[in-house]
Structures are given as C-alpha cells and as structure tokens.
Amino acid sequence: MKRLQHIIGAVMLFSSLLCITTNYAQQIKGYVYDTYTQPLNAAYLYNVNSEKHAHTSENGYFILDHNTVGDTITIGLLGYKKQTLVLKAEDLKNEIQIA
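These notes cover the structure that comes with them.

Cut-off values and rules
Here the residue numbering is sequential within each chain, running from 1 through the sequence in written order. Where totals are concerned, whole chains, interfaces and linings use all residues; where local detail is concerned, this predicted model gives features only for residues with pLDDT of at least 70, and gives and counts side-chain atom pairs only at 80 or more. Heavy atoms throughout the structure, all of them, feed into the side-chain values; hydrogens and water do not. Under the scheme used here, helices are H or I runs from DSSP no shorter than 4 residues and strands are E runs no shorter than 2 residues, and both carry numbers assigned from the N terminus. For each residue, the accessible area found with a 1.4 Å probe, counting protein chains only, is set against the maximum for its type, and the residue is called buried under 20%, exposed over 50%, and partly exposed in between. Contact criterion: two residues are considered in contact whenever any of their non-hydrogen atoms come within 4.5 Å of each other. Only the protein chains shown count as cover for residues, with accessible areas throughout obtained via the Shrake-Rupley method and a probe of 1.4 Å. Side-chain rings of Phe, Tyr and Trp, where Trp is taken by its six-membered ring, are said to pair if the distance between their centres is within 6.5 Å; with planes under 30 degrees apart they count as stacked, over 60 as edge-to-face, and otherwise as tilted. Strands qualify as paired when DSSP identifies two bridges or more between them. Axis angles are defined between N-to-C directions and span 0 to 180 degrees, where every axis is a line fitted to C-alpha atoms and, for a helix, only to the segment in contact.

Our next topic: the overall build of the protein chain. Along the protein chain, the regular secondary structure elements total two helices and seven strands. Taken from N to C terminus, the helices and strands of the protein chain fall in the order α-β-β-β-β-β-β-α-β. A total of 99 residues make up the protein chain; the buried ones form 24% of that total. Taking the intrachain contacts of the protein chain between residues at least 6 apart in sequence as the baseline, contacts between residues at least 24 apart amount to 49%. In the structure as shown, the protein chain presents an accessible area of about 7,100 Å², 59% of it carried by carbon and sulfur atoms.

Following this line, the structure appears as structure tokens:
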C-alpha cells in the first residue's frame, strides 16, 4: 500500500512538472517579409531569453520553440537591418507577420 502511494505521488509530481513546462514553452509561428512584402528566405530568429533559434523557409515561414510572454526575439538577415520584437500574449496565439 505504501509503495502504491509513492508511485501515485511520483506520477502526480511528474504530471505537474509537465504542465508547468508546457505552459512556459510555446511556439511562435509566422512570416518574415521585406519592405515590398517579399518573403525572406534564411532570415534567422533568435530568442535571447531561451537561446533558441530558427531560420525562415523559402516562403519566409518560421517556427520558433520555447517562448514566453516578454521574451526578446532578434530577427536578422545579411544586408537587412536587424530588428527586435518583445513577445506579447497574442504573439503566442496568432501567426506573426514581421516586415
């Protein structure tokens, strides 16, 4: 009986930690464009807080993992001015359009 209580306790602890991690590690998705709304291929996105990064595809699309509200994202591509973006709650829910 005591062993069963320990197993149940361990499962509950693991479940709690998993929920906390899921709440704080969210994806952001979106597109990066130039000033003429042309998609930018191979632009990089770097989360300064989580130190995770991603690159855009041929159509400018990206998916960046491990983000939370308030994180700073740096966007850059050789020949373009570097931009920074501070994530808001709606950025985690909707696709982002960066120009």
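The next subject is the environment of Q26. Among the structural elements, Q26 can be located in strand β1 (residues 26-32). Other than its neighbours up to four places away in sequence, Q26 contacts L64, D65, H66, N67 and L92.

Another point: the packing of aromatic side chains. Applying the stated rule across the entire model yields two aromatic pairs. Here Y31 and Y33 contribute two aromatic rings whose centre-to-centre distance is 6.0 Å and whose plane-to-plane angle is 15°, an arrangement assigned as stacked. For Y33, a relative accessible area of 22% corresponds to the partly exposed category. Ring pairs connect the aromatic residues Y31, Y33 and Y61, which therefore count as one cluster.

Our next topic: the sheet that holds strand β4 (residues 61-67). Spatial ordering of the open sheet is given by β4-β1-β7, a layout of three strands whose pairing is mixed. Edge strands, defined here as strands with exactly one partner in the open sheet, are β4 and β7 (96-98). Across the sheet, the mean angle from the axis of one strand to that of its neighbour is 35°, orientation sign disregarded. Here β1 runs beside β7; their pairing, made up of three bridges, is parallel. The residue bridging G30 from the neighbouring strand is I96, located in β7.

So, on to the sheet that holds strand β5 (residues 72-76). Sheet strands pair by backbone hydrogen bonding; their relative direction is either parallel or antiparallel. As summarised here, the arrangement of the four strands in space is β3-β2-β5-β6, forming an open sheet in which the pairing is antiparallel. The two strands at the open ends of the sheet, each matched to only one other strand, are β3 (53-55) and β6 (83-86). For this sheet, the mean inter-axis angle between neighbouring strands, taken without regard to orientation, is 20°. Taken together, the four bridges between β5 and β6 define a ladder with antiparallel strand orientation. Across the sheet, the residue bridging to I73 is L85, located in β6.

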